[in-house]
Each structure stands twice: as C-alpha cells, then as structure tokens.
Amino acid sequence: MKEASQAVKNLNGIGLSILEISHRSAEFAAIIKEAESLVREIAAIDDSYAVVFLTGGASSQFFMAPMNLLAENETAAYLDTGAWSTKAIKEAKHFGEVEVVASSKDRNYAYIPKRYKKPKDAVYLHLTSNNTIFGTQYQKFPDVNMPLICDMSSDMFSRPIDVNKFGLIYAGAQKNLGPSGVTLVIVKKELVGRSGRKLPSMLNYQTFIEKNSMFNTPPVFPIYVLMLTLRWIKAKGGLVSIEKANKSKARLLYKEIDENPCFHGTVDKKDRSLMNVCFLPTKDEFAEPFLAMCKESGINGVKGHRSVGGFRASIYNAMPRNSVKALVEVMRAFSNKYG
Ligand code: PMP
C-alpha cells in the first residue's frame, strides 16, 4: 500500500504518477514485464504457456474460455460447486454442449463432489478451485484425461500449484493479486484458437498473446499493484511459505468454530477453504449481537453471504494472523457472555 501510494505521487522518482504515465512508456514496459516474469517464477510456468493480463473480470472468462476453446459441435464438462460455477456453466452453453458431471447443489454446496462418472468425450473439464461464497476448496484436483480449466479467482497463489495439470487458469486479481480491474490468464498455447471460431480481437486470447497484453490500454495501476504483490509473495518465500501461513490462520479459526458452543461450521471438514471460512451461530438470536461485538472490536465484513447466512471470514493472503486471532478472541468473549 505504501509503495503503491508513493507511485501514485511519483513513480520511481521520474516526476510522473503511475496514473499518468503512458502504457507505452519504458517504465510501464518494465512493470508488465516484471509482472509476467514473477507469475512465471512463482508458479514455475514454462514457455508452453502464455501469461496474459486481461480486463472484464473473471466473469468475462466464463464466456471467453469456451469461445476460444470449445467448438459448437463439441462438449465441455463442468463441475458445479457453487454460484460462480453455475455462472460459468450458463455462459458456456452459448458456445457448445455442456455436460455438468457433478454438482453439490443438493446440500447447498457444502462439499466438493468426488464420486462421479469421469467425462470421456469432453474437450475440457472446468472447475472452480475455491468457492468464495460457500467456503469450499478442492484439496486435490480431478484426475482426468483432458485439459482442466480452472477459475482460481479466490485462491490464486494461496498455495503451490502444478500449472502443468491445467489447460487454462484464470483469476480476477481482487483477492490475492491486487486491485480489481485486471484478470490473470495462464493458458496452454496449443489450446488457443482450437474452437476455430471467428472472434472479435478483444475476445481472442491470441490477440493478447501476440501483443504481450498490450493490444489496447491495459489497466496500468492494477497491473502495477499486482507486480508489487508478486514481489511480496516472492519475498515471503513463495507459495510454500504463503500456504503455511494460510493454513496456520485457517486452522486457528476452524478450531475455534469446532470448539465454541455458539458457532458451527457449514462445510464438510475435508473440503474446508483456507480462504473463506463460513460459519453459523448455533442460535439465530446470536447473529446480531455477535456482529455488533465484532464491530465494537474493529472487525468488519464478517457477515455471511445471503446464500449461506451467518458469518464468513475471508482470510486471503494479505490478512495477518493477528487479525484472525482478534476474531477468535471476540468469538470467545461472545461465548463467555452468551454461551
Ligand atoms: N469466480 C470466483 C470464484 C469469484 O470469487 C468471483 C468474484 N468474487 C468471480 C468469479 C467473478 O469475478 P469478477 O468480479 O472479477 O468478474
């Protein structure tokens, strides 16, 4: 935040703000180059993959991925693990056949489906690695004979990933990577253009690969902050250290949820997310006073999403362990008073 705000006033001492430099300037060329090479370094990504920075949010990838990769007469397989998967499925149906191979909708998405018939004739299998709203996360990715396409918007770079398992990974930046406005896309080059469809330039991955993400004006400030965030991840010791810190935070909070008589978790234990921790009060009348107690202690944003209710603590990479500890302390104080 400090570096980003300094760059808003004066980038690298050049007397211009990051908000006013040209995206064709030498300064920005260096920034976007470093951002790409940090993505590659942090996740050990080789040259068979392209790394591009796009706009339109992860939501645009819901249609861009099938547009580019799925032909009209082909089938794509999808796993339905929540609201974001459902949206991806809806958009893919515009471009080809969609087979939903498994869904956890029957229990309000409180688990990750594991037993299902593996798709055979599909072009790819799409999944959402972390379900932001419902607080579930794949601990192991499906083993199938086709490229995986993964929406990693809410757990990108929160743990080590083996990119070679995937044909395409996309992530809106706004959780672990930087401000909203930029979407990271990592795509296996040999898959690009496989749909054979005629596409507008702005919706064609090839355009951005050829132009190094600079076909049009890219989101300069979000890419700058993403680059700073990647430097931070690297300085922290990379994804192994980041995962260790995330696990430690999540463990602390889930332990409290399991032990505290005033709360209970909503998700099957083995599928719990390290990023979004969902929990409910054991009595409805606890909800309001608990949120009030949180507010009094300076804790904001823990009200649950309306599709789950209760509470949700989003503890992304940047959330310090001490902040999780503060929440746990409020939960204890609450149960001392009401439990
Ligand atoms: N996928 C997931 C898993 C998300 O959490 C979100 C946003 N919260 C989206 C997609 C949509 O992202 P965007 O707002 O960047 O379109």
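The residue numbers shown here count from 1 along each chain, following its written sequence. With the structure being a predicted model, the display of local features is reserved for residues of pLDDT at least 70 and the display and counting of side-chain atom pairs for 80 or more, all residues being used for whole-chain, interface and lining totals. The basis for every side-chain value is the complete set of heavy atoms in the structure, and neither hydrogens nor water enter the calculation.

Undergrad: Please clarify how the nonpolar core should be interpreted in this entry.
TA: Grouped burial of nonpolar side chains is what soluble globular proteins tend to show. Counting residues in each nonpolar core, the largest one holds 57 residues, and the members touching the most others are F53, M156, F157 and I186. To qualify as a helix, a DSSP run of H or I must reach at least 4 residues; to qualify as a strand, a run of E must reach at least 2; elements of each kind are numbered from the N terminus. The greatest single-element share of this core, amounting to nine residues, is contributed by helix α6 (residues 220-235). Only buried Ala, Val, Leu, Ile, Met, Phe, Trp, Tyr and Cys residues count toward a nonpolar core, and they belong to the same one when joined by side-chain atoms within 4.5 Å. Exposure classes here rest on a 1.4 Å probe applied to the protein chains alone. A residue is buried below 20% of its type maximum, exposed above 50%, and partly exposed in between.

Undergrad: What should I look at first to understand the pattern of salt bridges in this one?
TA: Opposite charge on two side chains lets them pair, provided their charged atoms get close. A pairing counts as a salt bridge when a side-chain nitrogen of Lys or Arg comes within 4 Å of a carboxyl oxygen of Asp or Glu. The tally for this structure, following the rule as stated, stands at 13 salt bridges. The closest approach of N and O atoms between E36 and R40, which form a salt bridge, is 2.9 Å. Placement of the pair is E36 and R40 together in helix α2 (residues 26-43), with a separation of four residues, close to one helical turn. According to the relative accessible area criterion, E36 is partly exposed, its value standing at 22%. For the salt bridge of K247 with E243, the shortest nitrogen-to-oxygen distance reads 3.8 Å. You can see K247 and its partner E243 sitting in helix α7 (residues 238-259), four residues apart, about one turn around the helix. Among the residues examined, K247 registers a relative accessible area of 37% and is labelled partly exposed. Among the charged side chains, a salt-bridge network with shared partners connects D258, K269 and R272.

Undergrad: Explain the sheet that holds strand β11 (residues 276-281) to me, please; I cannot follow it from the model alone.
TA: Note: two strands are recorded as paired if DSSP finds a minimum of 2 bridges between them. Spatially, the three strands line up as an open sheet ordered β10-β11-β12, and their pairing is antiparallel. Looking along the sheet, the strands with just one partner apiece sit at the ends: β10 (263-265) and β12 (311-314). The average angle at which neighbouring strand axes cross in this sheet is 35°, direction not considered. Note: β11 against β12, four bridges, orientation antiparallel. Along β12, the bridge assignment pairs C278 with R312. Note on geometry: axes are C-alpha line fits, over the in-contact stretch for helices, and angles between N-to-C directions span 0 to 180 degrees.

Undergrad: Got a minute to help me understand the state of the cysteines in this structure?
TA: Think of a disulfide as a covalent bridge from one cysteine sulfur atom to another cysteine sulfur atom. Working definition: a disulfide is two cysteine sulfur atoms within 2.5 Å of each other. Tallied over the full model, the rule gives zero disulfides. Left without a disulfide partner, C278 is nearest to the cysteine sulfur of C294, which lies 14 Å away.

Undergrad: Could you clarify how one ought to interpret unusual backbone geometry in this entry?
TA: With a phi angle near 50°, A44 is a residue other than glycine that sits in the positive phi range. Following the sequence through the fold, A44 ends up in the loop between α2 and β1 (49-54). Assessed through its relative accessible area of 62%, A44 is described here as exposed. Phi at N108 takes a positive value of approximately 50°, unusual for a residue other than glycine. Inspection of the secondary structure assignment puts N108 in the loop between β3 (97-103) and β4 (125-128).

Undergrad: What should I look at first to understand the site of the ligand in this one?
TA: Taken together, 13 residues lie near the ligand, and S59, T132, D151, Q174 and K175 sit nearest. Under this definition, polar contacts are N or O atom pairs within 3.5 Å; protein pairs additionally need one hydrogen-donor-capable and one acceptor-capable atom, and for neighbouring residues in sequence, both atoms have to be side-chain atoms. With respect to the ligand, the side chain of S59 contributes an N or O atom lying 2.6 Å from an oxygen atom. For this classification, the nonpolar set comprises Ala, Val, Leu, Ile, Met, Phe, Trp, Tyr, Cys and Pro, the charged set comprises Asp, Glu, Lys and Arg, and every other residue, Gly included, is treated as polar. Of the residues assigned to the shell around the ligand, the class counts are three nonpolar, eight polar and two charged. Near, as used in this document, describes a residue that has one of its heavy atoms within 4 Å of the molecule or strand being considered.

Undergrad: What's the story with the side chain of S85 in this structure? I'm lost.
TA: Secondary-structure assignment places S85 in helix α4 (residues 83-92). Should any heavy atoms of two residues lie within 4.5 Å, those residues are considered in contact. Filtering out sequence-adjacent residues up to four positions away, S85 remains in contact with L79, D80, T128 and N131.

Undergrad: Even after reading the chapter, I still don't get the side chain of H305, so can you show me in this structure?
TA: Take H305: it is sitting in the loop between α8 (287-296) and β12. Exposure remark for H305: the relative accessible area of 19% places this residue in the buried category. A distance of 2.6 Å separates a polar atom in the side chain of H305 from a polar atom in the side chain of S307. Leave out the neighbours within four places in its chain, and H305 touches I133 and R312.

Undergrad: So what exactly am I meant to see when it comes to the environment of M275 here?
TA: Among the secondary structure elements, M275 is positioned in the loop between β10 and β11. Taking the C-alpha atoms as reference, M275 lies 8.5 Å from Q137; in sequence the two are 138 residues apart.

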